[in-house]
Amino acid sequence: DQQVKQNSPSLSVQEGRISILNCDYTNSMFDYFLWYKKYPAEGPTFLISISSIKDKNEDGRFTVFLNKSAKHLSLHIVPSQPGDSAVYFCAAMEGSGGSNYKLTFGKGTLLTVNP
Amino acid sequence: GAVVSQHPSWVICKSGTSVKIECRSLDFQATTMFWYRQFPKQSLMLMATSNEGSKATYEQGVEKDKFLINHASLTLSTLTVTSAHPEDSSFYICSASEPAGAPDTQYFGPGTRLTVL
């Protein structure tokens with residue numbers, strides 16, 4: 001049972017345009033969401049996160065939007081750069097307190113930004 | 001940022017043998033470490049959570065006697081795949097979090113590719 005779904009396995013975008021990566025979840029107990037970026041042969045690196053009390057969080061070229069009623073979040077990258085080409089994982093967590101942060105990941109979306 | 005290393009990065013073993021994978025936090029102390037497994041084109045699946053000095057907590061469906069986890073110090077956790085079989089071939093990734101860190105302070109290692117012949 002996939003609780004975090006990234007339905008697009010891949011996305012190709014032209015340099016300078018906007019990249020939109022989507023993520024849906026089914027567990028209504030999730031209250032903290034994260035996006036990770038992963039290059040081949042490397043572990044995921046944290047990109048941006050959002051708490052369920054917010055609907056938008058922005059950090060430079062990266063913005064995450066959360067629609068709780070639709071159980072949907074999206075990551076916007078603008079402008080997209082070739083160095084953004086990587087696999088992007090959406091992850092979710094129940095309860096943001098304590099030190100045992102159990103993450104549930106989606107399958108990832110491979111983003112390719114073409115020069 | 002904080003660095004987590006894994007060793008080895010790649011291992012091939014014969015069926016029936018045991019393999020140990022190390023996960024180290026290089027510049028911080030990690031009270032909690034997580035072990036994930038990722039099959040091709042699948043998501044990272046949490047296998048277990050280990051806290052320094054105590055027994056690991058395994059996720060449902062993960063055999064604790066097959067995947068032995070030891071978190072003996074604040075900078076080292078090991079995962080031993082015992083009596084490995086071809087179906088155990090996967091990409092194993094660890095992560096570490098700092099004490100009382102925010103949810104996004106979970107740092108991932110580069111992963112270990114295990115191939116069981």
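To be clear, the structure that these remarks concern was listed above.
Residues numbered from 1 in each chain as written. Chains lettered and ligands numbered in written order. Predicted model: local features only at pLDDT ≥ 70, side-chain atom pairs only at ≥ 80, totals over all residues. Heavy atoms only, no water.

Novice: So, the overall build of chain A: which residues are in play, and what are the values?
Specialist: In terms of helices and strands, chain A carries 0 helices and 11 strands. Going from N to C terminus, chain A has its helices and strands arranged as β-β-β-β-β-β-β-β-β-β-β. In summary, chain A has a C-alpha radius of gyration of 14 Å against a globular reference of 13 Å for 115 residues, a match within 12%. Seen through its C-alpha atoms, chain A measures out along the principal axes to roughly 40 × 30 × 25 Å. In chain A, which comprises 115 residues, the proportion classed as buried is 43%. (Helix = DSSP H or I, 4+ residues; strand = E, 2+ residues; numbered from the N terminus. Rg over C-alpha atoms; globule rule 2.2 N^0.38 Å. Buried < 20%, exposed > 50% of the residue type's maximum accessible area, 1.4 Å probe, protein only.)

Novice: Give me the pattern of salt bridges: which residues, what numbers.
Specialist: Pairing of side chains with opposite charge becomes possible as their charged atoms draw close. All names here are of chain A. Applying the stated criterion across every chain yields a total of 5 salt bridges over all chains. For Lys56, the salt bridge goes to Glu58, with nearest N and O atoms at 3.9 Å. Between Arg61 and Asp84 there is a salt bridge; the shortest N-O distance is 2.8 Å. Highlighted residues: Arg61 in the loop between strand E6 (56-59) and strand E7 (62-67) and Asp84 in the loop between strand E8 (72-77) and strand E9 (86-94), separated in sequence by 23 residues. (Salt bridge = Lys/Arg side-chain N within 4 Å of Asp/Glu carboxyl O.)

Novice: Give me the interface of chain A and chain B: which residues, what numbers.
Specialist: Listed as interface residues are 22 residues of chain A and, on the opposing side, 24 residues of chain B. Both faces considered, chain A and chain B share a buried interface measuring about 1,800 Å² in area, 57% of it formed by carbon and sulfur atoms. The largest share of the area that chain A buries against chain B comes from Tyr101(A), Phe105(A) and Lys107(A), three residues that together contribute 30% of it. Taken together, the links from chain A to chain B amount to 1 salt bridge. Our enumeration of links across chain A and chain B arrives at 3 residue pairs in polar contact (both at pLDDT 80 or more). (Contact = heavy atoms within 4.5 Å. Buried area = accessible area lost by both parts, 1.4 Å probe. Polar contact = N/O pair within 3.5 Å; in protein donor to acceptor, adjacent residues only side chain to side chain.)

Novice: Describe in detail the pairing of E9(A), supporting the description with residues and values.
Specialist: Residue and element names in this part refer to chain A. With 7 of its 9 residues buried, E9 lies for the most part within the structure. Here strand E4 (residues 30-38) runs beside E9; their pairing, made up of 8 bridges, is antiparallel. Looking across to E9, one finds that Lys38 is bridged to Val87. Here 3 bridges tie E9 to strand E10 (residues 103-105), and the two strands are oriented antiparallel to one another. From the neighbouring strand, Met93 faces E10, where its bridge partner is Leu103. (Pairing = 2+ DSSP bridges.)

Novice: Tell me what's going on with the state of the cysteines, and back it up with residues and numbers.
Specialist: If you walk through the whole model with that rule in mind, you get 2 disulfides over all chains. Paired by a disulfide, Cys23(A) and Cys90(A) hold their sulfur atoms 2.0 Å apart. Every disulfide takes its handedness from the sign of the S-S torsion; for Cys23(A) and Cys90(A) that torsion is -75°, giving left-handed. One end of the pair, Cys23(A), is in strand E3 (residues 19-25); the other, Cys90(A), is in strand E9, and 67 residues separate them in sequence. Each member of the pair, Cys23(A) as well as Cys90(A), is classed as buried. Paired by a disulfide, Cys23(B) and Cys94(B) hold their sulfur atoms 2.0 Å apart. Measuring handedness by torsion sign, the sulfur bridge of Cys23(B) and Cys94(B) sits at about 80° and is right-handed. One end of the pair, Cys23(B), is in strand E3 (residues 19-25); the other, Cys94(B), is in strand E9 (residues 90-97), with 71 residues separating them in the sequence. The pair formed by Cys23(B) and Cys94(B) is uniform in burial state, with each residue classed as buried. Of the cysteine sulfurs around Cys13(B), a residue in no disulfide, the closest is that of Cys94(B), at 18 Å. (Disulfide = S-S within 2.5 Å.)

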